[in-house]
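# Survey of secondary and tertiary structure
Now for the letters of each chain:
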Amino acid sequence: MAMGTSVAFKVSLLLSLLSVSLFTTVLSDTRQNVVTFTPPTCKRIECPAYDVVHVGNGYEIRRYNSTVWISNPPIPEISLVEATRTGFFSLFDYIQGKNEYNQKIEMTAPVITEVSPSDGPFCESSFVVSFFVPKQNQANPPPAKGLHVQRWEAVHVAVRQFGGFVSDSTVGAEAAALKDAIAGTEWASAIENSHRAGHASVYIVAQYNSPFEFDDRVNEIWFLFDLENNVLAM
């Protein structure tokens, strides 16, 4: 995309993450056969490339090539929505030029939130909010105080898509639905092994849309895992 991506679109994504989830779409437990498709946003702005490895009942397995992300440090919070709001403030400033190079960076999608849940319902979880670095900036992402670069090696991801505006209750239900969908498969074993090895967060929430898109909204739950014993290079 040309460097002229409008500030209005960037602000719209910020508002999406700050918005109250008044239009949340909750999928029924019986709706397991979810059709996965490329989010329309990725036709307008850059998204990380991937290959589809397997399509299952209610999930998809992808293989992402090496990707680069600019990330907040872990944010302790009870609410994913609040943590994402906090994290994205820094990321929005970053792409607007608040970095050591004073360089503006094109908007990409998705904005992801890595989730490491707490042990109890009223305890703080840990959230890392990240922005996908465009290809033209990946060799030398501008440094910025309070942010760090994550360079992911090739990684496999189990994915479940869902619509509506993200809320804390929706995310928990969708993560549970993805876990149920892959239960008993080879993918479930690989995910469990990766978690035991400490290679991945428990799950990731990927958000693609601006708040002004009420139709065909696309969000995703990601379970990262490694088939080659080398998932993340932090």
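Predicted model only: the values in this text are computed from it and were never measured.

## Concerning the overall build of the protein chain
Secondary structure assignment for the protein chain yields four helices and 11 strands. Intrachain contacts of the protein chain at a sequence separation of at least 6 include 78% that bridge at least 24 residues. If you sum the accessible surface of the protein chain, you get close to 10,900 Å²; carbon and sulfur atoms cover 54% of it.

## Points about the pattern of salt bridges
Between side chains of opposite charge, pairing is possible as soon as their charged atoms come close. A complete count under the given rule lists four salt bridges for this structure. Where Glu60 meets Arg62, a salt bridge forms, and the shortest distance between an N and an O atom there is 2.8 Å. Take Glu60 and Arg62: they sit in the same class, and that class is buried. Among the salt bridges present, the one from Arg62 reaches Glu220, with a minimum N-O distance of 2.7 Å. Linking Arg62 in strand 2 (residues 59-64) with Glu220 in strand 10 (residues 219-225), this pair joins segments that are 158 residues apart in sequence. When salt bridges with common partners are traced through the structure, they connect Glu60, Arg62 and Glu220 into a single cluster.

## A word on the packing of aromatic side chains
Inspection of every chain in the model, using the stated rule, returns seven aromatic pairs. Considering the side-chain rings of Trp69 and Trp152, the 5.1 Å spacing of their centres and the 40 degrees angle between planes classify their relative orientation as tilted. Of the two residues, Trp69 sits in strand 3 (residues 67-71) while Trp152 sits in strand 7 (residues 148-152), which places them 83 residues apart along the sequence. Overall, the relative accessible area of 1% leaves Trp69 in the buried class.

## A short note on helix 4 (residues 186-196)
Among the residues making up helix 4, those that are buried are Trp187, Ala190, Ile191 and Ser194. Along the axis of helix 4, the buried residues cluster in a sector spanning 100 degrees; they form a single face. Buried residues along helix 4 sit in contact with strand 1 (50-56), strand 2, strand 8 (155-162), helix 3 (168-182) and strand 10.

## Digging into the state of the cysteines
Applying the stated criterion across every chain, the model contains one disulfide. Paired by a disulfide, Cys42 and Cys47 hold their sulfur atoms 2.1 Å apart. Taking the sign of the S-S torsion, about -90 degrees here, the bridge from Cys42 to Cys47 comes out left-handed. Overall, the relative accessible area of 22% leaves Cys42 in the partly exposed class. A relative accessible area of 17% means that Cys47 is categorised as buried.

## Here we look at the pairing of strand 5 (residues 111-116)
Judged by how many residues are buried, strand 5 sits mostly within the fold: five of six residues are covered. Bridging between strand 5 and strand 9 (residues 203-207) involves five bridges; their strand directions are antiparallel. Residue pairing for strand 9: Thr113 is matched across the bridge by Val205.

## Notes on the side chain of Ser130
When you line up the elements, Ser130 lands in strand 6 (residues 125-132). Residue Ser130 is classed as buried on the basis of its relative accessible area, which comes to 0%. Within the local environment of Ser130, its side chain forms a polar contact with the side chain of Ser71, the two groups lying 2.6 Å apart. Ser130 has contacts with Trp69, Ile70, Ser71, Leu91, Pro110, Val111, Ile112, Glu114 and Gln150, leaving out every residue within four places of it along the chain.

What counts, and at which threshold
- Residues numbered from 1 in each chain as written.
- Predicted model: local features only at pLDDT ≥ 70, side-chain atom pairs only at ≥ 80, totals over all residues.
- Heavy atoms only, no water.
- Helix = DSSP H or I, 4+ residues; strand = E, 2+ residues; numbered from the N terminus.
- Contact = heavy atoms within 4.5 Å.
- Areas by Shrake-Rupley, 256 points an atom, 1.4 Å probe, with all protein chains shown as cover.
- Salt bridge = Lys/Arg side-chain N within 4 Å of Asp/Glu carboxyl O.
- Buried < 20%, exposed > 50% of the residue type's maximum accessible area, 1.4 Å probe, protein only.
- Phe/Tyr/Trp six-rings, centres within 6.5 Å; stacked < 30°, edge-to-face > 60°.
- Arc of directions from axis to C-beta.
- Disulfide = S-S within 2.5 Å.
- Pairing = 2+ DSSP bridges.
- Polar contact = N/O pair within 3.5 Å; in protein donor to acceptor, adjacent residues only side chain to side chain.

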